[in-house]
Amino acid sequence: MEAEQDLLERCDLWACIQCGKCTGGCPVSFKTTLNIRRLVYQVLLDGQLSPEGMEELWDCTTCGTCVLRCPKEVEPSELIIGLRTILVDGGVIPPTIRDALTSVFRYGNPSLMPPDERADWAEGLEVKNIAEGAETLYFVGCIPSYDDRAQRIAKALVKVFQKANVDFGILGVDEKCCCNEVRRVGEEGLFEYMVEEQQELFSTHHVKHIVTTSPHCYNTFKNEYPGLDVKVQHYTQFVAELIEQGRLPFTGELEQVVTYHDPCFLGKQNGIFDEPRSIIQSIPGVDFREMDRIRDRSLCCEGGGGRMWCEGTNPEERLATSRFEEVLSVGADVLAVACPFCLLTFELAAKAGGYDEKVQVLDITELLARVI
Amino acid sequence: MSATLIIGAGIAGMQAALDIADAGFKAYLVEKDPSIGGRMAQLDETFPTLDCSSCILTPKMVSVGGHSNIELLTYSEVAEVEGVAGRFRVKVRKKPRYIDTDKCTGCGLCAENCRLRDRIDSEFNVQMGKRGAAYLPFPQAVPMKYTIDGDHCLMIQRGKCGKSPPCQDACPAGAIDFQQQEEILDLEVASIIVATGFDPFNPLLKPEYGYGIYDKVITGLQFERLSSASGPTYGEIKLDDKEINDVVFIQCVGSRDRHLGNAYCSRVCCMYTAKHAHLVREKLPGAKVTVFYIDIRAFGKGFEEFYDRVRENHVHYRRGNPSEIVKRGDRLVVKAEDTLLGQPVEVEADLVVLAVGLVPREDTEAMARLLGLTRSEDGFLEEAHPKLRPTETGIEGIYMAGCCQGPKDIPDTVAQAKAAAASAMIVMSRSSSKATSHQG
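How each quantity is defined
Residues take numbers from 1 onward in each chain, read along the sequence in its written order. All chains are assigned letters beginning at A, and all ligands numbers beginning at 1, according to the order in which they are written. Residues qualify for local features only when their pLDDT is at least 70, as the model is predicted, and side-chain atom pairs are given and counted only at 80 or more; totals for whole chains, interfaces and linings, by contrast, use all residues. Processing note: side-chain calculations cover all non-hydrogen atoms of the structure and skip hydrogens and water entirely. Here a residue-residue contact requires only that any non-hydrogen atoms of the pair lie within 4.5 Å. The quantity reported as buried area is the accessible area (1.4 Å probe) lost by two parts once they are put together, taken as the sum for both. Salt bridges are defined by distance alone: a side-chain nitrogen of Lys or Arg within 4 Å of a carboxyl oxygen of Asp or Glu. Under the rule applied, a polar contact is a pair of N or O atoms within 3.5 Å (in protein, one hydrogen donor and one hydrogen acceptor; residues adjacent in sequence only if both atoms are side-chain atoms). Using a 1.4 Å probe on the protein chains alone, a residue whose accessible area is under 20% of its type maximum counts as buried, one over 50% counts as exposed, and one in between counts as partly exposed. A run of H or I in DSSP becomes a helix once it reaches four residues, and a run of E becomes a strand once it reaches two; helices and strands are each numbered from the N terminus. Strands were regarded as paired on the criterion that DSSP finds at least two bridges between them. Handedness of a crossover is defined as follows: with both strands directed away from the viewer, a clockwise route from the first strand across the helix to the second makes it right-handed. Pairing of aromatic side chains here covers Phe, Tyr and the six-membered ring of Trp, requires ring centres within 6.5 Å, and sorts the geometry by plane angle: under 30 degrees stacked, over 60 edge-to-face, intermediate tilted. Every helix has an expected span of 1.5 Å times one less than the residues it contains. The arc in question is traced by the directions running from the helix axis to the C-beta atoms. Nonpolar side chains (Val, Leu, Ile, Met, Phe, Trp, Tyr) within 5 Å and like charges within 9 Å form the patches, drawn only from residues with over 30% relative accessible area and no salt bridge. Where accessible areas are quoted, they stem from the Shrake-Rupley method and a 1.4 Å probe; at the residue level, only the protein chains shown are allowed to cover. Under the counting rule used here, the positive set is Lys and Arg, the negative set is Asp and Glu, and His together with the chain ends is not counted. All charge positions are set by atom: Lys at NZ, Arg at CZ, Asp at CG, Glu at CD. Domain start and stop positions are those given by an automatic or database domain assignment. Note on residue categories: nonpolar means Ala, Val, Leu, Ile, Met, Phe, Trp, Tyr, Cys or Pro, charged means Asp, Glu, Lys or Arg, and polar means any other residue, Gly included.

Some words on the interface of chain A and chain B
- Counting residues at the interface gives 25 residues for chain A, matched by 30 residues for chain B.
- In this assembly, chain A packs against chain B so that about 2300 Å² is buried in total across both faces, 45% of it on carbon and sulfur atoms.
- Between R69 of chain A and E324 of chain B there is a salt bridge, with the nearest N and O atoms lying 2.9 Å from each other.
- In this assembly, chain A and chain B are joined by 22 residue pairs in polar contact (both at pLDDT 80 or more).

Section: the pairing of strand 6 (residues 257-260) of chain A
All names here are of chain A.
- Of the two faces of strand 6, the one carrying V257 and T259 and the one carrying V258 and Y260 are both buried.
- Bridge count for strand 6 against strand 7 (residues 287-288) is two bridges, and the pairing is parallel. Paired with V258 across the two strands is F288, which belongs to strand 7.
- Read as a crossover between parallel neighbours, the route from strand 6 over helix 13 (residues 274-282) to strand 7 is right-handed.
- The sheet contact formed by strand 6 and strand 8 (residues 334-337) spans three bridges and is parallel. Bridge pairing in strand 8 places T259 opposite L335.

With respect to the packing of aromatic side chains
Residues and elements named next belong to chain A.
- This structure, assessed with the given rule, holds 19 aromatic pairs over all chains.
- Where Y138 meets F161, the ring centres are 5.6 Å apart and the plane angle is 85°; that geometry is what we call edge-to-face. Taken together, the residues Y138 in strand 2 (residues 136-139) and F161 in helix 8 (residues 148-163) connect sequence positions 23 residues apart. Taken individually, Y138 and F161 each receive the classification buried, so the pair is uniform in this respect.
- Consider the rings of F161 and F238, whose centres lie 5.7 Å apart with planes at 65°: the pair is edge-to-face.

What to know about the sheet that holds strand 9 (residues 360-363) of chain A
- Taking strand neighbours across the sheet as the criterion, the four strands line up as 7-6-8-9 (chain A) in an open arrangement whose pairing is parallel. The open sheet has two free edges, formed respectively by strand 7 and strand 9 of chain A, since each of these has just one partner strand.

Observations concerning helix 2 (residues 53-66) of chain B
Residue and element names in this part refer to chain B.
- Between the first and last C-alpha of helix 2 there are 20 Å, a value that for 14 residues agrees with the 20 Å anticipated at 1.5 Å per step.
- Taken together, the buried positions of helix 2 are occupied by S53, L57, M61 and V64. Seen end-on, helix 2 carries its buried residues on one side only, within an arc spanning 60°. Residues of helix 2 that are exposed and point over 90 degrees away from its buried face: C55, V62 and G66.

So, a negative patch on the surface
All names here are of chain A.
- Taken together, the side chains of D116, E117, D120 and E123 present a region of like negative charge at the surface.
- Of note, D120 is situated in the loop between helix 6 (95-107) and strand 1 (128-129).
- Residue D120 is classed as partly exposed on the basis of its relative accessible area of 36%.

Side note on the environment of F249 of chain B
All names here are of chain B.
- Note on placement: F249 falls in strand 16 (residues 246-253).
- Separated by 30 residues in sequence, F249 and T219 have C-alpha atoms that sit 9.5 Å apart.
- Not counting residues up to four positions away in its chain, the partners in contact with F249 are F223, T273, H276, A277, V280, V289, T290, V291, F292 and V353.

Side note on the domain arrangement of chain A
All names here are of chain A.
- On domain assignment, one finds that chain A holds domain 1 (2-90), domain 2 (95-241) and domain 3 (250-369).
- A straight line from the C-alpha centre of domain 2 to that of domain 3 covers 22 Å.
- At the junction of the two partners, domain 2 supplies 32 residues and domain 3 supplies 31 residues.
- A salt bridge links E366 to R149; the nearest nitrogen and oxygen atoms lie 2.9 Å apart.
- Our count for the contact surface shared by domain 2 and domain 3 stands at 10 residue pairs in polar contact (both at pLDDT 80 or more).
- Of all the secondary-structure elements, those providing two or more residues to the side of domain 2 that touches domain 3 are helix 6, helix 7 (142-146), helix 8, helix 9 (180-184), helix 11 (215-223) and helix 12 (235-244).
- When grouped by side-chain class, the residues that make up the side of domain 2 that touches domain 3 number 16 nonpolar, 10 polar and six charged.

Encoded structure:
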């Protein structure tokens, strides 16, 4: 009861006027029974809500559209996270999410992968460890460290850094999950524990500048790590600067039609819309075309908020699949992304929907690696 | 004769000037635009009575223009104010019109022959029509004198316009004067009325509605021009050749929004949207009209009855604040939750009208500094007491009328203007007894 009262205040639910802007823009409300506006109302009326049996709570991708648009500055998605916390505390949790959380606690990654293999992707790339001292910490993240496909983003980014003579290092096998998603599935305790570990690691190595592969890591470092006195950048910000400073000379051309999908944690939640576009547009030969749903109106790929580990109640209608209609409508042969989650969800959707013959899904780093 | 300075010649400033002048005092009416009339001149019909805005406004404009006690200073701005109640010394900057208003007969040949004719966005038609550098903002303008917009005019900007400027060649009165310079006028007045109005909310600040991206998403003020017989389509509701079958109105755009810092209700949008919905049903009888709203506020005289009438005209009122507009093929799709159904919905539209709210004018801070006034939390000018001195400012002898103090409709604006005029007259009557000579 007390926790829920706290939730009312923390999410400022008393400010809600039930206008429905949250549900109207919620990317999953059209395909599941999750209705965040009604949820707010129920919690307000009852002062408490037992989330047990509400499977649709796991449908939320925490994309942040509801928070961004609420005219009363209520934080509807924080309510969902709060209700998930109640479920997690009670042990009522989808098994795949439970496994991911257990894995983060034990191995420092959500994918049940051995910690000592975390830096295997970098073998032979001559990437130094941050312990040797470096101006910039490249924070790789779990998916780009272990996933075969996503490793290519990390490798491409290393190539970019090396071409631009960036003095950088990685944490290697000591790197641990940033826990952006851990917080979003409601495991507050684990989040706090891991934040403390991570902060210690950063201060041991006197980290002053972090560049992340993933907008998810970027988001939590920038907005949720208490007192982290470090300059945090998503790679698109850093690389856009490198290009502007003339530190990244292009040697090739890319004769392709490219469109770009804004990741929620980069765009809607952190307002980074221009840097990824300026990078793509600076690549010689590229014909850059915008889709209809861009920037503040971008459509979530459904990879966030724990959805990488949990299908949700309606796995049939994938938002990522419908996105390809838009990609094709602008005649693009490359769908560029700037997030490992987006990369994987879109690749999966491309294969499932038979779009993979017409459209390649590539991270911006991979485009860059082809022309430097 | 004691005088009052009135800043802004919309309906508030005009009403205050007329009352003061009719009482036998002098009114200096300063207006930054080339014509008086303000926002009300842009409106089509007015709620809830549906009388034509310019039909009720134009006679007032003519009275103001012809009143012997009113000195009109159009295309002018207040530059400096010193002194105290009973004796304010004011400097007014009169911008060059590049047309001698004593000679100009209003024939319009300069505008017809201007090299930039139909090349500059018309402010009056809210970017939906064009004008030239030599122009009359709208047909009923007072004074009926043309203006050359120095920011665009080739003669002013480059010192050259073809072999010889065609406006000058065409003017039969020899009124064109490119040598005109800015003038500073010194006035002494007993009191001041601020009636500077509002700005419409800029819908680019709500990017989820695609304003500026989709040309079929327009603002309420643009709808007024579209529906007006003097507008760019002569009152036809159309944007291009495509037929309009589905029209969606969205309420509260830029109002009741803490996120934008506009926490207040703009008071007029519910009713102006009801009026727009009525106009669509009247002019496009086959069109389906949907109004998305959060709460309907029909609190004024005749308002609820008008809202009843509009619904009975077969307008669908759906409770829900739309979250975004996207495109599907050629059509717009408004995505919302119908909160009464408890379901997310998509409504296709050929035209979407955003009921943009009223915000403090961009130059409110400059005006507040010029006069030493304060602003309330909503950004509008602050009254001396929210209940008992709603038309007075913190400075004795300076009063407010209309939307510079906060959003209000026409009758409330007129009422406040008359109250401000009464307050100004108290100061003027006091100072008349010991009046010294002054200009004007």
